[in-house]
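Structural overview
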Amino acid sequence: MDNPTQLTRHAREFIQPLLGGRQPTIGIILGSGLGGLADEIEDAVAIPYHVIPGFVGSTAPGHAGRLVVGQLGGKTVLAMQGRFHFYEGHDMLQVTFPVRVMQALGLETLLVTNAAGGLNPAFQTGDLMALSDHIFLPGMAGQNPLRGPNDDSLGPRFLPVVNAYNQELRDIAQEEAGKQGIRFHQGTYIMLTGPNFETRAEMRLLRAWGADAVGMSTVPEVIVAVHGGMRVLGISTITNTLNPDTTIEANGEEVIEVGKAVGPRLVSLVKAILPRI
Ligand code: HPA
């Protein structure tokens, strides 16, 4: 990707006139099968990714590939209906570019969702988990979106991420989930590149490392959001459970189906959270 700062400006200049004077404050990234939330957004303007400068097309199944800006839960939100994954062949700058554009547009908070496999034996299919921490395996292996020259006007060269997941936002999510009787956890998410699911030996390893859920996204966007000073709330839908003691296999259709089935629960939780943030 050439000159990210310039591209970010082009994207902002393209999007801003389409917002009709509205100032979105909350960015929402909708993961596999979770795009239904965007249909709840009122007075919506939808912008397909392929017309936005710097955006790559979305190829992953269950991802519509458009920005939807409008009103939800009393807030002006900018939702990504579908995200870019590293496994699609995009580099980390492309994967995280929309978060840079959110920052350029003045958004303060990122609500990021994903589909994840449950590693914690207490988790059941359909549960929700707020990320309280993460393990960024691709980042640890050198694939970090902050690698390369640092633009000091965006954020610091060396970024602390101990408090990446805002405690206050997690508490609100937990409380609202409790009110709605939603099975809800807080835990550690580990990102692997995918696209294959885990072997049983890998499941054992990830559990031993303290991961509660595993997925193929989210952490690069969170790193860039924190770098640019945004508050972050991350929510995983546990679309399948992973058990190293069985030969039951995860499959992509199930991930999307469960994501869709849990969608209404996530929508009602997000609608309860938004007025409070
Ligand atoms: N593994 C990795 N990513 C996932 C899974 C899984 O089991 N389920 C949904 N995303």
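What this report covers is the structure whose coordinates are included nearby. Only a predicted model underlies this, so the values are computations on that prediction, with no experimental measurement involved.

**Observations regarding the environment of methionine 140**
- With respect to the secondary-structure elements, methionine 140 resides in helix α3 (residues 137-140).
- Separated by 24 residues in sequence, methionine 140 and alanine 164 have C-alpha atoms that sit 16 Å apart.

**With respect to the pairing of strand β7 (residues 184-191)**
- Within β7, seven of the eight residues are buried, which leaves the element mostly enclosed by the surrounding structure.
- Note that strand β6 (residues 128-136) and β7 share eight bridges and pair parallel. Along β7, the bridge assignment pairs methionine 129 with histidine 185.
- In terms of strand pairing, β7 meets strand β8 (residues 213-215) through three bridges, oriented parallel. Each bridged residue has a counterpart across the sheet, and for isoleucine 190 the counterpart in β8 is valine 214.
- In this fold, the crossover linking β7 to β8 by way of helix α5 (residues 200-208) has right-handed handedness.

**Overview of the packing of helix α1 (residues 4-15) against helix α2 (residues 92-104)**
- For the pair α1 and α2, the least separation of the axes is 9 Å and the interaxial angle reads 55 degrees. Classified by the angle their axes make, α1 and α2 are oblique. For the crossing formed where α1 meets α2, the hand is right-handed. Of the residues in α2, those touching α1 at Pro4, Leu7, Thr8, Ala11, Arg12 and Ile15 are Leu93, Phe97, Arg100, Val101 and Ala104.
- Of the residues assigned to the contact of α1 with α2, the class counts are eight nonpolar, one polar and two charged.

**Points about the nonpolar core**
- In terms of nonpolar packing, the biggest core is built from 46 residues, with Ile15, Ile52, Phe55, Leu67, Met102, Leu110 and Val232 touching the most fellow members.
- Other than its neighbours up to four places away in sequence, leucine 67 contacts Ile15, Val45, Ala46, Ile47, Tyr49, Ile52, Phe55, Leu78, Ala79 and Met80.
- If you look at the next biggest cluster of nonpolar residues, it comprises 31 residues, including Leu34, Phe184, Val270 and Ile273.

**Brief notes about the site of the ligand**
- Close contacts around the ligand come from Ala115, Ala116, Gly117, Phe197, Glu198, Val214, Gly215, Met216, Thr239, Asn240, Leu242 and Val255, and that covers them all.
- In this structure, a nitrogen atom belonging to the ligand sits 3.3 Å away from a main-chain N or O atom of glycine 117.
- For the ligand, the protein covers 96% of the area, taking 260 Å² as the surface of the free molecule.
- Residue contributions to the shell around the ligand peak at three residues, all from strand β5 (residues 109-118).
- Residue classes in the shell around the ligand are distributed as seven nonpolar, four polar and one charged.

**Brief notes about the packing of α2 against helix α6 (residues 219-227)**
- Packing of α2 against α6 leaves a shortest axis separation of 9 Å and a crossing angle of 40 degrees. The orientation of α2 relative to α6 falls into the category oblique. Along this stretch, α2 crosses α6, giving a crossing that reads as right-handed. Here α2 contributes Met92, Val95, Thr96, Val99, Arg100 and Gln103 to the contact with α6, which in turn contributes Pro220, Glu221, Val224, Ala225 and His227.
- In terms of residue class, the contact of α2 with α6 is made up of six nonpolar, three polar and two charged.

**A word on empty space enclosed by the protein**
- Counted according to the given criterion, the structure contains one cavity of 30 Å³ or more.
- The space that makes up the largest cavity amounts to roughly 40 Å³.
- What lines the largest cavity is simply Ile15, Phe55, Leu67, Leu78, Met80, Pro98, Val101, Met102 and Leu105.
- Elements with a contribution of two residues or more to the lining of the largest cavity: β4 (75-81) and α2.
- The element best represented in the lining of the largest cavity is α2, accounting for three residues.
- Per-class residue counts for the lining of the largest cavity are nine nonpolar, no polar and no charged.

Calculation criteria
Residues numbered from 1 in each chain as written. Predicted model: local features only at pLDDT ≥ 70, side-chain atom pairs only at ≥ 80, totals over all residues. Heavy atoms only, no water. Helix = DSSP H or I, 4+ residues; strand = E, 2+ residues; numbered from the N terminus. Buried < 20%, exposed > 50% of the residue type's maximum accessible area, 1.4 Å probe, protein only. Pairing = 2+ DSSP bridges. Right-handed = clockwise from strand over helix to strand, strands pointing away. Axes fitted to C-alpha atoms, helices over the stretch in contact; angles between N-to-C directions. Parallel < 35°, antiparallel > 145°, perpendicular 65-115°, else oblique. Left-handed = near helix turned anticlockwise from the far one by under 90°. Contact = heavy atoms within 4.5 Å. Nonpolar A, V, L, I, M, F, W, Y, C, P; charged D, E, K, R; others polar. Core = buried A, V, L, I, M, F, W, Y, C linked by side-chain atoms within 4.5 Å. Near = heavy atom within 4 Å. Polar contact = N/O pair within 3.5 Å; in protein donor to acceptor, adjacent residues only side chain to side chain. Areas by Shrake-Rupley, 256 points an atom, 1.4 Å probe, with all protein chains shown as cover. 1 Å grid on protein atoms, 1.4 Å probe; cavity = no way out; pocket = protein on both sides within 12 Å on 5 of 7 lines; lining within 4 Å. Points joined across faces, edges and corners; volume = space filled by probe spheres on them.

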